[in-house]
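Coordinate analysis (summary)
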Amino acid sequence: MFKDKVAIITGSTQGIGKRLALKLAEHGAVVVINSRSAEKVEKTVAEFTSKGYRVFGISGDVSDYAFCEDMRKQIISHYGRIDVLVCNAALAVEGSIADSSAKAIELATRTNIHGSIYPAIALMDDLTVTKGSVLFMSSIAGIVGLPGYAMYSCTKKAIFAVAESMKNEVLDRGVFIGVCLPDFTENEDSKQIMTINGELKTIEKRNGIKTVSLDRTARCIIRQLKSKRFLCFTSLRGRFLYNFYRFFPRLLLLAVKIKRKQFMK
Ligand SMILES: NC(=O)c1ccc[n+]([C@@H]2O[C@H](COP(=O)([O-])OP(=O)(O)OC[C@H]3O[C@@H](n4cnc5c(N)ncnc54)[C@H](OP(=O)(O)O)[C@@H]3O)[C@@H](O)[C@H]2O)c1
């Protein structure tokens, strides 16, 4: 299904994006690697090339629309088509919204919302030609607004809404839109989180929290792209929380209220 298809995964120099790019390359796709760091893109491209995969790197910031248009031009001039776009790049964000700086709020919004919408709209005409797929990355933190992670929950809920609207807007063009809600996932050592001051700090390895492996997460997304199912969860816990909130929203909100101090630690 992915053989010779051109797939761009934003934010694919580490974590879920990189593992997904690797799996798509294993399935025969030509993968386009992206992140803001030219050095990380170069390193990832070299790694993929050494494994014999067809890969192309484009470094730049997906929250900048001019960059997204330029990225589109580069892919089209190299390969002449775009089949799959995974809007994966995002910033993890911590801290109470009441204490957050305007800088942190703007950066979270730009990266996680603009940075997902801009690539999708810049590449939409080419995806229409191939009747391709766009997959947005939300999170289980986007099911309900979590205390202590307000901007992350807010941006991930927004992405869910964008996917819901866009799926019907482009239905008649034959473009598939999906949204994935990963559970807590195994982190790379280099994973960073933004603080209330808009600064980045490296996240410590998650201890005591059950995480889903990168492999399983990438496999779930591949399955979703194959089956063209709108929604994808990477764990039973994610599916359960989503459905629990749909049917018993007050109960879930009460549970979050009771556990608020744990979230805000
Ligand atoms: N990890 C989890 O537990 C988890 C759970 C649920 C949902 N998710 C979602 O899954 C996705 C991937 O998460 P992850 O943990 O694998 O991420 P990650 O390890 O933090 O990696 C993020 C990637 O995005 C790139 N990036 C960040 N801002 C960018 C920008 N403006 N333009 C282009 N590239 C940018 C980063 O590279 P540069 O810094 O070089 O730009 C990096 O390659 C995200 O959407 C996240 O919200 C993750």
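See the structure printed just above.
Now for a description of the structure that goes with this document.

Quick look at the site of the ligand now. In the vicinity of the ligand, 30 residues are found, and the nearest of them are Gln14, Arg36, Asn88, Tyr152 and Lys191. Between the ligand and the protein, one listed contact pairs an oxygen atom with a side-chain N or O atom of Thr13 at 2.8 Å. At 2.8 Å from an oxygen atom of the ligand is found a main-chain nitrogen or oxygen belonging to Ile16. Elements with a contribution of two residues or more to the shell around the ligand: helix H1 (15-26), strand E2 (30-35) and helix H5 (150-169). Its residues placed into classes, the shell around the ligand shows eight nonpolar, 15 polar and seven charged.

Bringing helix H2 (residues 38-50) into the picture now. Taking 1.5 Å per residue, 13 residues should reach 18 Å; H2 reaches 18 Å between its end C-alpha atoms and fits that length. Those residues of H2 that sit buried are Val41, Thr44, Val45 and Phe48. Here the buried residues of H2 occupy an arc of 100° about the axis, which is enough to place them on one side. In H2, the exposed residues that point more than 90 degrees away from the buried face are Glu39, Glu42, Lys43 and Ser50. Tucked into the core, H2 has its buried residues touching H1, E2 and strand E3 (55-59). Directly beyond the C-terminal end of H2, a positive phi value near 90° is found at Gly52.

Let us look at the sheet that holds strand E10 (residues 231-233). Here seven strands make up an open sheet; going across it, the order is E3-E2-E1-E4-E6-E7-E10 and the pairing parallel. Each end of this open sheet is capped by a strand with a single partner; those strands are E3 and E10. Taking the axes of each pair of neighbouring strands and ignoring which way they run, one obtains an average angle of 20° across the sheet. Bridge count for strand E4 (residues 84-87) against strand E6 (residues 133-137) is four bridges, and the pairing is parallel. Pairing of Cys87 across the sheet is with Phe136, part of E6. Helix H6 (residues 214-227) contacts E4, E6, strand E7 (176-181) and E10 of the sheet and is inclined by roughly 155° relative to E7.

Tracing the sequence through the fold places Ser138 in the loop between E6 and H5. At a separation of 2.8 Å, a polar atom in the side chain of Ser138 contacts the main-chain carbonyl oxygen of Lys156.

All chains considered together, the criterion is met by eight aromatic pairs. Relative to Tyr79, the ring of Phe56 has its centre 5.9 Å away and its plane inclined at 80°; by these criteria the two rings are edge-to-face. With a gap of 23 residues between them, Phe56 in strand E3 and Tyr79 in helix H3 (residues 65-79) connect regions that are remote in the sequence. Residue classification places Tyr79 among the partly exposed positions, given a relative accessible area of 29%. Aromatic pair Tyr65 and Tyr118: ring centres 5.3 Å apart, planes at 75°, arrangement edge-to-face. Here Tyr65 is found in helix H3, whereas its partner Tyr118 is found in helix H4 (residues 102-130), with 53 residues between them in sequence. Sitting above the plane of the Phe230 ring, Lys167 keeps its charged end 4.4 Å from the centroid.

In this section: the layout of surface pockets. If you add up the space inside the second largest pocket, you get close to 150 Å³. Met1, Phe2, Lys5, Asp83, Val84, Thr130, Lys131, Gly132, Ser133, Leu225 and Lys228 are the residues that line the second largest pocket. Here the residues of the lining of the second largest pocket are counted per class, giving four nonpolar, three polar and four charged.

Glancing now at the environment of Ser213. Within the secondary structure layout, Ser213 lies in the loop between strand E9 (200-202) and H6. Considered as a pair, Ser213 and Val30 are 183 residues apart in the sequence and their alpha carbons are 24 Å apart.

Taking strand neighbours across the sheet as the criterion, the three strands line up as E5-E8-E9 in an open arrangement whose pairing is mixed. Sheet topology places strand E5 (92-93) and E9 at the edges, where each strand pairs with a single neighbour. Across three bridges, strand E8 (residues 192-194) lies against E9 in antiparallel orientation. Following the sheet pairing, Ile193 is matched in E9 by Lys201.

Moving on to the environment of Lys259. Here Lys259 shows up in the loop between helix H8 (249-258) and helix H9 (260-263). We classify Lys259 as partly exposed; its relative accessible area is 42%.

A large share of E2 lies buried, amounting to six of its six residues. Across the two faces of E2 the burial is the same, with Val30, Val32 and Asn34 and Val31, Ile33 and Ser35 all buried. Of the pairings in the sheet, the one linking strand E1 (residues 6-9) to E2 comprises four bridges and is parallel in character. By the bridge assignment for E2, Ile9 is matched with Ile33. For the segment spanning E1, H1 and E2, crossover handedness is right-handed.

Reading the values: rules and limits
- Residues numbered from 1 in each chain as written.
- Predicted model: local features only at pLDDT ≥ 70, side-chain atom pairs only at ≥ 80, totals over all residues.
- Heavy atoms only, no water.
- Near = heavy atom within 4 Å.
- Polar contact = N/O pair within 3.5 Å; in protein donor to acceptor, adjacent residues only side chain to side chain.
- Helix = DSSP H or I, 4+ residues; strand = E, 2+ residues; numbered from the N terminus.
- Nonpolar A, V, L, I, M, F, W, Y, C, P; charged D, E, K, R; others polar.
- Expected span 1.5 Å × (residues − 1).
- Buried < 20%, exposed > 50% of the residue type's maximum accessible area, 1.4 Å probe, protein only.
- Arc of directions from axis to C-beta.
- Contact = heavy atoms within 4.5 Å.
- Pairing = 2+ DSSP bridges.
- Axes fitted to C-alpha atoms, helices over the stretch in contact; angles between N-to-C directions.
- Phe/Tyr/Trp six-rings, centres within 6.5 Å; stacked < 30°, edge-to-face > 60°.
- Lys NZ or Arg CZ within 6 Å of the ring centre and 35° of its normal.
- 1 Å grid on protein atoms, 1.4 Å probe; cavity = no way out; pocket = protein on both sides within 12 Å on 5 of 7 lines; lining within 4 Å.
- Points joined across faces, edges and corners; volume = space filled by probe spheres on them.
- Right-handed = clockwise from strand over helix to strand, strands pointing away.

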